[in-house]
Amino acid sequence: MESRNFDNNKNQKLETQYYVAKNNSTLTRVRAMSGHVSEHCDVNVSTLRLGMLVKCLEDLKDGALRISIIDVSGSNIWFDTEWRCLKTDLIPIPQEIWEFLIAVSVPQERVRLASNILLCGVLENLCINDKVWYHPNYKLRDRKELAIIKYIGPVSQLGQGIYFGLDIPDSQKISKTSILCQEYFESMHPKTFATLNEISVYKADLPIRNTDQILIPEPIAHNAPTNDKKKFTLDPSFLALLETFTPDSSNNNNNNCNTTSLPDEHHYAMRSLIPQTTDNKLGNMSEENGNKNSKRDKPSDLIVGSNVKVLLGSDVRNGTLRWVGTPPGTNTSKLMAAVELDDVHPSGTDGTYNETRYFQCQPYRAVFTDIEQCFPYESGLIKLSDDRFSSMNTNNFGNMESVIIGMVRPISVKGNLESICGKFRGIQGHHNSCYLDATLFSMFAFTSVFDNLLFRPPNEKDCPEYEEVQKVLREEIVNPLRKNIFVSADRVMKLRTLLERLSSVSGLTSEEKDPEEFLTSLVAQILNAEPFLKLSSGQDAYHYQLFVEKDDHLSLPTVQQLLEQSFLTSNIRLKEVPSCLIIQMPRFGKSFKMYQKIQPTLLLDVTDIIEDSPRQCTVCGKLAEFECKECYGECGVGLESIAFCVECLKTVHRHEHRTNHEPKKLSVPVEFAILQEHCPVPRLYLELSAVVCIETSHYVSFVKCGSGSEAPWCFFDSMADRKGEQDGYNIPEMVPCPDFPYWLSEDGGNCLMKLTDDRNLPEYAKRLLCDAYMCMYQSPDVMMYK
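Within each chain, residues carry numbers counting from 1 in the order of the written sequence. Only residues with pLDDT of 70 or above have their local features reported here, since the model is predicted, and side-chain atom pairs are shown and tallied only from 80 upward, although totals for entire chains, interfaces and linings are computed over all residues. To get the side-chain values, take all heavy atoms of the structure and skip hydrogens and water.

A few words on the overall build of the chain. Only DSSP runs of H or I covering at least 4 residues are called helices, and only runs of E covering at least 2 are called strands; the numbering of each starts at the N terminus. A count of helices and strands for the chain gives 19 helices and 42 strands. Out of the 786 residues in the chain, the part that is buried amounts to 53%. By definition in these notes, contact holds between two residues if any of their heavy atoms fall within 4.5 Å. The long-range fraction of contacts in the chain, counting pairs at least 24 apart against all pairs at least 6 apart in sequence, stands at 66%. The method behind every accessible area is Shrake-Rupley, applied with a 1.4 Å probe, and residues are considered shielded solely by the protein chains displayed. With an accessible surface of roughly 37100 Å², the chain has 49% of that area assigned to carbon and sulfur atoms. With a 1.4 Å probe rolled over the protein chains alone, any residue whose accessible area is under 20% of its type maximum counts as buried; one over 50% counts as exposed, and the rest are partly exposed.

This is the structure:
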């Protein structure tokens with residue numbers, strides 16, 4: 001919530017200057033207004049990490065801010081430096097709350113507190129002698145002790161920020177800060193210092209009574225002294241809702257440093273929590289209507305603030321009930337429910353319905369539906385039995401449509417990529433499945449280059465289970481992935497079980513494996529697919545392993561350089577341009593890497609590795625007729641440097657150091673030889689479509705979300721988060737990566753060459769460049785004929 005000042009009903013804008021980073025994102029360094037550049041930092045790109053504390057220095061008017069980082073770790077990167085940051089990556093907060101958050105050491109806790117605007121408003125107004133709950137372990141908030149605030153202020157011995165000094169009358173333990181507390185306040189009881197995330201509002205465990213007892217607060221004045229009297233009083237039972245309320249998150253997606261808002265918005269944010277008993281301008285929410293229109297025996301099982309599962313067609317989503325009523329102008333007495341979803345949905349809004357705002361949230365997270373489509377739940381399990389859920393999978397692996405028959409085209413990104421990203425996106429990981437999850441997502445989510453695997457009719461050479469495996473892959477993994485952007489882990493386990501039973505690769509259902517083992521099992525042995533690569537040596541392959549000798553002078557090799565070096569050393573060529581080319585980096589096992597960093601090539605030039613393809617003379621650019629391997633790197637770079645026309649070959653080999661070279665005549669297509677005077681020598685390119693990466697033993701992937709140079713990129717992790725422990729489940733996630741092309745560009749390469757410590761790389765850039773395991777390329781032109 002932002003500081004606001006109102007005078008004679010005219011809104012006076014006050015700039016929000018303080019923020020918390022709500023996710024990891026890329027920062028670019030900017031020159032200070034004075035022109036001064038810090039001597040302590042020599043990097044121009046870095047990562048703003050979740051939970052970092054940010055001060056706004058200037059609104060750059062292009063959706064970004066000029067900021068400084070308040071870093072309590074003391075890193076030189078942030079000392080006396082200024083950076084450019086997107087506003088959408090930040091949560092605006094009042095300065096007073098910001099000062100409390102400086103003392104909170106856990107980044108996730110800073111984000112949790114900053115996101116809960118209403119709770120922050122209540123906690124901010126605590127003062128000396130107030131009662132609070134103290135949680136000795138913030139991770140286990142079920143344990144709490146009654147405490148009395150005896151001090152609010154800085155504690156230099158503990159670090160920066162504002163702390164609470166607590167008197168804990170009933171405690172039997174002596175805290176680590178007990179002796180230090182004596183310097184700041186007097187108490188005869190056990191005492192401790194606590195940070196904002198370690199306390200919660202003291203309240204009685206009572207049911208909600210008449211809402212008339214709830215007093216609506218005035219907008220909080222942020223320039224008030226810390227120990228001033230509180231400006232409002234809330235019914236204790238209502239405070240229980242505040243602690244679990246997912247607040248109005250419009251501020252989390254703020255587009256302006258300066259914003260204007262009316263006081264009523266603050267009031268309404270709190271009123272939206274209260275089950276209304278009278279009509280209002282937003283619709284009739286009377287208990288009488290609720291009883292009349294609800295088919296449930298207990299209409300009170302759904303109240304505003306409840307956690308719900310909502311049925312959206314064949315899709316089931318989790319969320320929080322934010323409003324119930326009948327919208328103005330409707331001719332029905334049915335109750336409508338407004339639900340803020342935990343994740344984005346394509347049909348979602350930002351809290352508006354028919355141009356009327358009912359609450360505020362992030363875009364694509366609000367859905368409005370018949371209340372009959374909503375069901376309360378606890379711990380992710382549906383509480384009510386309902387026929388509509390009987391055929392759906394309600395276990396930890398999700399509830400989406402799991403079998404989709406027919407052909408579903410790859411995911412098409414229209415507009416903002418963020419609308420389809422987030423948690424519970426992609427393929428859900430389970431029991432060391434990341435090698436398979438990352439590979440399948442890369443192969444099928446956004447491209448059809450591998451779709452021939454899904455539809456080739458069986459023949460006499462196929463195994464009896466061919467169609468079963470193909471059907472599971474197509475209808476239970478690829479189609480749901482493309483339609484729902486989610487595949488549950490039980491469907492992937494079904495495929496893994498078949499692969500382990502039918503292929504020579506063991507341990508596919510439980511052990512850590514590599515992508516090439518999965519490709520061998522599924523593509524080569526069971527689906528018996530035509531090899532993707534045909535080599536001049538007479539061999540066929542499904543992927544190409546780079547075999548090169550390490551060049552100590554090459555600090556940042558590109559895939560282009562390594563591929564050409566590998567083909568030169570192996571003395572082989574591709575017999576034809578492939579529709580897809582899977583390249584495995586020069587690394588062995590999960591740890592040994594020949595090069596610390598490798599820069600994938602966005603547009604791979606394969607002209608010189610295709611057998612009998614027309615090639616250019618490296619000197620004059622005309623049609624090449626000879627190749628001299630001994631000239632590699634002397635008259636240019638890469639394999640292009642060894643191709644010559646007749647005249648240039650003679651000229652180059654007049655040099656005394658080259659007289660002993662043994663050039664080889666190239667086979668030039670007759671058709672092109674005839675037309676060479678009228679046609680330029682064509683170059684053949686493959687597009688990078690995905691990069692599968694591994695760090696220690698976990699695979700993730702970067703995937704291009706479409707074709708063409710303008711297509712965006714996303715990062716996918718099938719085990720990005722986890723719910724529960726041994727009996728829990730993994731949560732997959734897709735994250736937009738707008739900076740992906742930069743790190744593979746010439747400018748990005750120049751920046752990387754200057755970087756002396758890879759630990760200073762932004763998170764995703766580090767995973768891409770240091771952990772690349774397999775690069776997937778495709779030819780849109782060849783795909784059309786496959």
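Still more ground to cover, so stick around.
What follows deals with the side chain of Arg66. Of note, Arg66 is situated in strand 8 (residues 64–70). According to the relative accessible area criterion, Arg66 is buried, its value standing at 7%.

It is worth spelling out a nonpolar patch on the surface at this point. Patches here: salt-bridge-free residues with over 30% relative accessible area, like charges joined within 9 Å, nonpolar side chains (Val, Leu, Ile, Met, Phe, Trp, Tyr) joined within 5 Å. When a carboxyl oxygen of Asp or Glu is within 4 Å of a side-chain nitrogen of Lys or Arg, the pair counts as a salt bridge. A cluster of nonpolar side chains, contributed by Leu602, Leu603 and Tyr685, occupies part of the molecular surface with about 260 Å² of accessible area. Mapping Tyr685 onto the fold places it in strand 38 (residues 685–695). Overall, Tyr685 belongs to the partly exposed group, its relative accessible area being 38%.

A separate point is the environment of Pro376. Mapped onto the fold, Pro376 is located in strand 23 (residues 374–378). Between the alpha carbons of Pro376 and Ile303 there is a distance of 9.3 Å; along the sequence they are 73 residues apart.

What follows concerns the sheet that holds strand 37 (residues 664–665). Read across the open sheet, the three strands follow the order 36-35-37; overall the sheet is antiparallel. Two strands in the sheet have a free side with no partner beyond their single neighbour: strand 36 (643–644) and strand 37. Only when DSSP finds a minimum of two bridges between them are two strands counted as paired. With two bridges joining them, strand 35 (residues 626–627) and strand 36 adopt antiparallel strand pairing. When the sheet's bridge partners are listed, Glu627 is paired in strand 36 with Ala643.

Time to look at the sheet that holds strand 11 (residues 131–134). Reading across from one edge, 14-13-12-11-15 is the order of the five strands in this open sheet, with antiparallel pairing throughout. Either end of the sheet is taken by a strand with one partner, and the two such strands are strand 14 (191–194) and strand 15 (199–201). Pairwise comparison of adjacent strand axes, ignoring direction, gives a mean angle of 50 degrees for this sheet. Strand contacts of helix 1 (residues 95–102): strand 12 (145–155) and strand 13 (159–167), with the helix running at about 85 degrees to strand 13, the strand carrying the most contacts. Between the N-to-C directions of two axes lies an angle of 0 to 180 degrees, each axis being a line fitted to C-alpha atoms and, for a helix, fitted only over the stretch in contact.

Moving on to the pairing of strand 10 (residues 90–93). Burial along strand 10 is two-sided: Leu90 and Pro92 and Ile91 and Ile93, pointing in opposite directions, are all buried. Bridge count between strand 4 (residues 18–21) and strand 10: four bridges; the pairing is antiparallel. The residue of strand 10 that forms the bridge with Val20 is Ile91.

A word on unusual backbone geometry. For Asn129, which is not glycine, the phi torsion reads 75 degrees and is therefore positive. Within the secondary structure, Asn129 is located in the loop between helix 3 (117–124) and strand 11. Positive phi values are uncommon outside glycine, yet Asn528 reaches one of about 50 degrees. Mapped onto the secondary structure, Asn528 falls in the loop between helix 12 (515–526) and strand 28 (533–534). By relative accessible area, Asn528 is classed as partly exposed at 32%.

This brings us to the packing of aromatic side chains. Centres within 6.5 Å are what make two rings of Phe, Tyr or Trp a pair, Trp counting through its six-membered ring; a difference in plane orientation under 30 degrees is then read as stacked, over 60 as edge-to-face, and the rest as tilted. Applying the stated criterion across every chain yields a total of 26 aromatic pairs. Relative to Phe193, the ring of Tyr151 has its centre 6.2 Å away and its plane inclined at 75 degrees; by these criteria the two rings are edge-to-face. In this pair, Tyr151 is assigned in strand 12 and Phe193 in strand 14, connecting sequence segments 42 residues apart. Taken individually, Tyr151 and Phe193 each receive the classification buried, so the pair is uniform in this respect. Three or more aromatic residues link up through ring pairs in this structure, and these residues are Trp323, Tyr353, Tyr358, Phe359 and Phe368. A ring is considered to have a charge above it if a Lys NZ or an Arg CZ atom is located within 6 Å of its centre and within 35 degrees of its normal. Lys144 extends its terminal NZ or CZ atom over the ring of Trp133, reaching a point 4.4 Å from the ring centre. Across the ring face of Tyr595, the terminal group of Lys550 is positioned such that the distance to the ring centre comes to 5.8 Å.

This part covers the confidence of the model for the chain. Residue-level pLDDT values for the chain average 75, and 75% of them are 70 or greater. pLDDT is a per-residue confidence score from the predictor, ranging from 0 to 100. Predicted confidence for residues 1–14 stays below pLDDT 50, and this span has 32 contacts to residues more than four positions away or in other chains.

With that settled, the discussion passes to the nonpolar core. Core analysis: the biggest nonpolar cluster contains 108 residues, and Phe441, Phe446 and Phe450 have the highest contact counts within it. Ranked by residue count, the leading element in this core is helix 8 (residues 434–444), at eight residues. If we skip the residues at most four places from it in the chain, Phe441 touches Gly426, Ile427, Phe446, Leu481, Ser701, Val703, Cys714, Phe716 and Met734. Put simply, buried Ala, Val, Leu, Ile, Met, Phe, Trp, Tyr and Cys residues joined by side-chain atoms within 4.5 Å make one nonpolar core.

Quick look at the pattern of salt bridges now. Enumeration according to the criterion identifies 23 salt bridges in this entry. Measuring nitrogen to oxygen at the nearest pair gives 2.3 Å for the salt bridge that ties Glu340 to Arg322. With Glu340 in strand 19 (residues 336–341) and Arg322 in strand 18 (residues 315–325), the pair connects residues that are 18 residues apart, well separated along the chain. Lys534 serves as the salt-bridge partner of Glu530, at 3.5 Å between the closest nitrogen and oxygen. Using a relative accessible area of 24% as the deciding quantity, one classes Lys534 as partly exposed. Taken together, the salt bridges that share partners define one network made up of Arg573, Asp605, Asp608, Arg615, Glu627 and Arg683.

One can find Thr601 in the loop between strand 33 (592–593) and strand 34 (603–605). Think of a polar contact as two N or O atoms within 3.5 Å of one another; within protein, one of them needs to be a possible hydrogen donor and the other a possible acceptor, and neighboring residues in sequence only count if both atoms come from side chains. Looking at Thr601, its side chain comes within polar contact range of the main-chain nitrogen of Gln560, at 3.0 Å. Once residues lying within four places of it in the same chain are set aside, the contact partners of Thr601 are Thr558, Val559, Gln560, Leu688 and Tyr777.

Think of an α-helix as 3.6 residues a turn; residues three or four steps apart then line up on the same face. Helix span, expected: 1.5 Å multiplied by one less than the number of residues in the helix. The terminal C-alpha atoms of helix 13 (residues 559–570) lie 16 Å apart, and with 12 residues this matches the ideal 16 Å at 1.5 Å per residue to within 8%. Most of helix 13 sits inside the fold, with nine of its 12 residues counted as buried. Restricting attention to buried positions, one finds in helix 13 the residues Val559, Gln560, Leu562, Leu563, Glu564, Gln565, Ser566, Phe567 and Leu568. Directly beyond the C-terminal end of helix 13, a positive phi value near 55 degrees is found at Asn571.

Viewed as axis vectors pointing N to C, helix 8 and helix 12 meet at an angle of 70 degrees, and their least axial separation amounts to 9 Å. Viewed along their axes, helix 8 and helix 12 adopt a mutual orientation that is roughly perpendicular. In terms of crossing hand, the pair formed by helix 8 and helix 12 is right-handed. Across the interface between the two elements, Tyr435, Leu436, Thr439, Leu440 and Met443 of helix 8 pack against Pro515, Phe518 and Leu519 of helix 12. These descriptions rest on fixed angle ranges, namely under 35 degrees for roughly parallel, over 145 for roughly antiparallel, 65 to 115 for roughly perpendicular, and the rest for oblique. Handedness of a crossing follows from how the near helix is turned relative to the far one, being left-handed for an anticlockwise turn of less than a right angle and right-handed for a clockwise one.

Here His661 lies in the loop between helix 14 (646–652) and strand 37. For His661 and Cys631, which are 30 residues apart along the polypeptide, the C-alpha to C-alpha distance reads 8.0 Å. At 3.4 Å, the side chain of His661 forms a polar contact with the side chain of His653.

Before going further, it helps to examine the environment of Tyr184. Checked against the element boundaries, Tyr184 lands in the loop between helix 4 (178–181) and strand 14. Taking the C-alpha atoms as reference points, Tyr184 and Ile152, 32 residues apart in sequence, are found 9.5 Å from one another.

Attention now goes to the packing of helix 8 against helix 11 (residues 489–502). Taken N-terminus to C-terminus, the directions of helix 8 and helix 11 make an angle of 110 degrees; their axes are 11 Å apart at the nearest point. One way to sum up the angle between helix 8 and helix 11 is to call them roughly perpendicular. Along its contact with helix 8, which presents Tyr435, Leu436, Asp437 and Leu440, the element helix 11 presents Val492, Leu495, Arg496 and Leu499. Of the residues contributing to the contact of helix 8 with helix 11, the split by class is six nonpolar, no polar and two charged. Gly is put with the polar residues, along with every residue not named as nonpolar or charged; the nonpolar set is Ala, Val, Leu, Ile, Met, Phe, Trp, Tyr, Cys and Pro, and the charged set is Asp, Glu, Lys and Arg.

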